[in-house]
Amino acid sequence: EDLLEPAFTQHVGVLPRSVCQELIALGEDNGFNVEEESIDQYAPPKYKVTSQSIDVYERNRGIISPAIWDILEPWIPKITGLVKESIDTEVYKHFFPDEQERIPKLDWVFFRKFSPDTDRISLRVHPDSNMYSVNIALNDDFKGGGLFYLKPSANQDGKTDDGRPVISDEYRDYDWLSSQKRQNSSNIVYPALGTGDLVIYNYTVYHGVAPVEAGTRYSFVLFYDMDNPAIQVDFDNDGFGVTFYHEIEDVDISLLWVDTRVKEHPTEVIEEKLLPYTVYPLVSHDGHVFRAVISGTDTVVSEFVVSDTQALYTIKMEEYTAEL
Ligand SMILES: O=C(O)CCC(=O)C(=O)O
Ligand SMILES: [Fe+2]
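It should be emphasised that the depicted structure is a prediction, and the values quoted were computed from it without experimental measurement.

Moving on to the nonpolar core. Judged by nonpolar contacts, the single largest core of 38 residues is most densely connected at Leu138, Phe220 and Leu222. Within the residue set of this core, elements represented by two or more residues are helix H1 (17-30), strand E3 (51-58), helix H2 (66-72), helix H3 (76-86), strand E5 (106-114), strand E7 (132-137), strand E11 (198-202) and strand E14 (217-224). Sequence-distant contacts of Phe220, defined by excluding residues within four places in its chain, comprise Leu23, Val56, Ile68, Leu72, Val109, Phe110, Phe111, Val134, Asn135, Ile136 and Leu138. Counting 29 residues, the second-largest nonpolar core is a separate cluster that includes Phe8, Phe142, Ile167 and Tyr206.

Here is the structure:
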């Protein structure tokens with residue numbers, strides 16, 4: 001099978017080992033915040049585990065962790081230069097036509113920790129929403145785990161409107177991820193990252209972190225251009241609030257999103273077991289399709305195509321007919 005080659009580049013030894021060690025020590029001194037993982041926002045409840053992270057810098061908030069920022073800051077111009085070099089200039093000109101020599105804008109810097117001593121050992125496959133990301137390996141003395149990226153099939157029938165390729169649904173959840181070892185295959189690549197190495201990828205690259213088996217993995221993530229013109233459609237153009245609701249008490253109801261961009265219409269679980277008499281608000285887009293099923297079955301109770309002229313969608317049992 002022909003595979004696409006994602007926009008992924010690696011640079012060896014950008015941060016000296018001593019700087020990496022100092023950053024790790026400062027991170028542990030500071031303590032990692034235990035917080036909800038935004039990447040798992042729509043994951044089924046059983047997968048919602050907390051993340052360990054430290055916000056270091058945000059463009060709108062300024063420096064959040066001064067001690068850590070002081071150590072990293074001298075290296076930022078070099079890192080930003082590498083991001084600029086990695087850019088496909090034709091694509092960049094398309095999105096920033098009035099800014100030919102534009103320097104990527106650093107928006108957010110955060111520090112992550114993965115360890116079997118905590119709930120967070122892995123991170124499911126996702127694309128970032130910002131235009132460019134830098135991921136720095138601060139250490140390599142842990143077992144398993146590791147950042148990987150997917151090579152999507154070159155056969156892209158169901159085109160997306162945001163420039164991202166389509167990947168098979170199976171890769172998106174923690175069931176698949178939990179069995180992953182740090183081992184390359186035809187379509188899964190684990191770059192060999194030593195301490196101080198960094199990788200750069202853009203918003204079209206599906207990536208994740210395999211489960212760390214022993215030791216602790218520390219990574220630094222830098223998001224450039226979070227106001228990403230390539231995926232504005234996903235953000236504010238046509239997003240609006242919708243609410244799902246039901247009063248069905250005798251069976252459990254789950255809500256799925258049907259990705260109609262993909263030929264075989266894979267579904268993503270939005271919420272397992274919606275409590276009756278409870279409202280479930282979501283941000284959605286015109287024409288998006290949601291399906292209510294009896295939990296754990298393919299039995300469809302209701303299907304909705306949402307539009308901004310209707311806010312409340314009530315799931316009703318008498319509508320249940322088809323086995324799709
Ligand atoms: O921790 C990592 O190396 C990956 C983090 C990541 O992909 C993200 O935060 O978007
Ligand atoms: Fe990411």
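Following the structure, the description resumes.
What follows deals with the site of ligand 1. As a matter of local geometry, ligand 1 sits amid 16 residues, with Arg112, Asn135, His207, Arg217 and Ser219 nearest to it. Here His126 contributes a side-chain N or O atom positioned 3.1 Å from an oxygen atom of ligand 1. Relative to its free-state accessible area of 300 Å², ligand 1 is covered by the protein chains to the extent of 99%. Secondary-structure elements contributing two or more residues to the shell around ligand 1 are E5, strand E6 (123-126), strand E12 (207-209) and E14. In terms of residues, the shell around ligand 1 owes the most to one element, E14, which gives four residues. Classifying every residue of the shell around ligand 1 gives nine nonpolar, four polar and three charged.

Before going further, it helps to examine the environment of Gly239. Inspection of the secondary structure puts Gly239 in strand E15 (residues 239-246). A residue is classified by how much of its surface remains accessible, and Gly239, at 33% relative accessible area, is partly exposed. Expressed as a C-alpha distance, the spacing of Gly239 and Ser284, which sit 45 residues apart in the sequence, is 5.3 Å. Non-local contacts of Gly239, meaning those with residues more than four positions away in its chain, are made with Val283, Ser284 and His285.

Here we take up the environment of Gln10. Mapping Gln10 onto the fold places it in strand E1 (residues 8-11). Contact partners of Gln10, with chain neighbours within four places excluded, come to Pro191, Ala192, Leu193, Asp197, Leu198 and Val199. Side-chain polar atoms of Gln10 contact the backbone oxygen of Ala192, separated by 2.8 Å.

For the rest of this paragraph, the subject is the coordination of the iron ion (ligand 2). Donor atoms from the polypeptide that bind the iron ion (ligand 2) are His126 (NE2), Asp128 (OD) and His207 (NE2), placed at 2.1 Å. Each donor residue of the iron ion (ligand 2) belongs to the same chain, and together they define the spacing H-x1-D-x78-H. Residue class for His126 comes out buried when judged on its relative accessible area of 8%. With relative accessibility at 5%, the residue Asp128 sits in the buried group.

If you trace the backbone, Arg102 turns up in the loop between helix H4 (89-95) and E5. Look at Arg102 and you get buried, because its relative accessible area is 11%. Of the polar contacts made by the side chain of Arg102, one reaches the side chain of Tyr92; its length is 2.5 Å. Polar side-chain contacts of Arg102 include one of 2.7 Å to the side chain of Asp225. In this structure Arg102 touches Lys84, Tyr92, Phe96 and Asp225, once residues within four positions along its chain are discounted.

Criteria and thresholds
- Residues numbered from 1 in each chain as written.
- Chains lettered and ligands numbered in written order.
- Predicted model: local features only at pLDDT ≥ 70, side-chain atom pairs only at ≥ 80, totals over all residues.
- Heavy atoms only, no water.
- Core = buried A, V, L, I, M, F, W, Y, C linked by side-chain atoms within 4.5 Å.
- Buried < 20%, exposed > 50% of the residue type's maximum accessible area, 1.4 Å probe, protein only.
- Helix = DSSP H or I, 4+ residues; strand = E, 2+ residues; numbered from the N terminus.
- Contact = heavy atoms within 4.5 Å.
- Near = heavy atom within 4 Å.
- Polar contact = N/O pair within 3.5 Å; in protein donor to acceptor, adjacent residues only side chain to side chain.
- Areas by Shrake-Rupley, 256 points an atom, 1.4 Å probe, with all protein chains shown as cover.
- Nonpolar A, V, L, I, M, F, W, Y, C, P; charged D, E, K, R; others polar.
- Donors = N, O, S within 2.8 Å, 3.2 Å for Na, K, Ca; no water.

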